Structures are given as C-alpha cells and as structure tokens.
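One letter stands for each residue in the lines below.
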Amino acid sequence: MRTVIFRVIAPYITALMLLFSLFVLLRGHNEPGGGFIGGLIASSAIAVYGMACGVEAVRRALHFHPIAYAGFGLIVAVIAGLMPLFGGAQFMTGLWAFVSVAGAELALSTTLIFDLGVFLVIVGAISSIALSLEERYSG
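Residues numbered from 1 in each chain as written. Predicted model: local features only at pLDDT ≥ 70, side-chain atom pairs only at ≥ 80, totals over all residues. Heavy atoms only, no water.

**Here's the deal with the nonpolar core**
Formed by L25, A42, I46, V55, V58, L62, F119, L120, V123 and L131, the largest nonpolar core amounts to ten residues. Among the elements of the structure, helix 2 (35–53), helix 3 (55–62) and helix 5 (110–138) are those that each provide at least two residues to this core. At four residues, the largest contribution of residues to this core is made by helix 5. (Core = buried A, V, L, I, M, F, W, Y, C linked by side-chain atoms within 4.5 Å. Buried < 20%, exposed > 50% of the residue type's maximum accessible area, 1.4 Å probe, protein only. Helix = DSSP H or I, 4+ residues; strand = E, 2+ residues; numbered from the N terminus.)

Laid out in structure tokens, this is it:
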C-alpha cells in the first residue's frame, strides 16, 4: 500500500482533507455539517497519512497522543455548555457575541465552541482507533 506515488501524494491529500474538515466545522452551526462530520473528515485525513507514511510519522505530526485531543475536546464542549449558566440561561443554550474585526462583524457563539469540542473528541477518538489498527496490521 505504500507505493511511491501514494507516499508523495498523501501529504497533499491530507492537507486538503484537513482544510475541508475545517470548512465543514465552521459552517456547521448555520448549515449542515459541524464538529462531528468535520472530525470524521479530519480523522480520515490522518488515517490516509498513516497508511502512506506510517504510524510513527503521524504520531510525530500530532505532537500529542490522540486521546489527549479527545479529552481536551470534551473539556471544551462541557465549558461551552456551562457558559450560559453564568449568564442566567439554561445549560447548553446558545449565546452569541458580535465582534467587530477589521470593519466586519464577526459572530461568535457557544455553539461554535461546542462544535469545536466535538470536532476534537471525534478526531482524537477515531484517530486513536485508526492508528491502533494500523500498528496492529502493518507489521
């Protein structure tokens, strides 16, 4: 499976898939998509890179163990759910803040923060599974 062509093309495919996963993540709170689907796409990108370059290359690229990303994502998602409680709203209520950046209005929300947490949980969990399977069956 590790042909020269695949090893050369895989980093580019991985980069495009990761960029697309961020696009899907960011459009998810207004249109279909979001953290779960974006996380699946990013995990698929990591799996492609792992098949082409090996598990050790992926682990070096990730810098942390994939489960650490999942744990951090869970913390981010819980914080996003708790933030409305400090404003007198119910748990998991969407709050919006509008910030002016370079003359344009940017809408930030707890929904986006929650989606980011879900994205990290999915990337961490699925990547951990994929890397474990690749380690087991590649050598």
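And the narrative resumes.
**Details of the pairing of strand 1 (residues 96–101)**
Note: strand 1 against strand 2 (residues 104–109), six bridges, orientation antiparallel. If you follow F98 over to strand 2, its bridge partner there is A107. Counted between consecutive antiparallel strands, the loop separating strand 1 from strand 2 contains two residues, among which A102 sits at a positive phi close to 55°. (Pairing = 2+ DSSP bridges.)

**A word on a nonpolar patch on the surface**
On the surface, a cluster of nonpolar side chains totalling about 670 Å² of accessible area is made up of F36, I37, L40, I126, I129, L133 and Y137. Every element with two or more residues in the nonpolar patch is listed here: helix 2 and helix 5. Considering each element in turn, the nonpolar patch owes the most residues, four residues, to helix 5. Relative to the helices and strands, L133 resides in helix 5. (Patch = residues over 30% accessible without salt bridge, like charges linked within 9 Å, V, L, I, M, F, W, Y side chains within 5 Å. Areas by Shrake-Rupley, 256 points an atom, 1.4 Å probe, with all protein chains shown as cover. Salt bridge = Lys/Arg side-chain N within 4 Å of Asp/Glu carboxyl O.)

Purely geometric stuff here, so don't read any function into it on its own.
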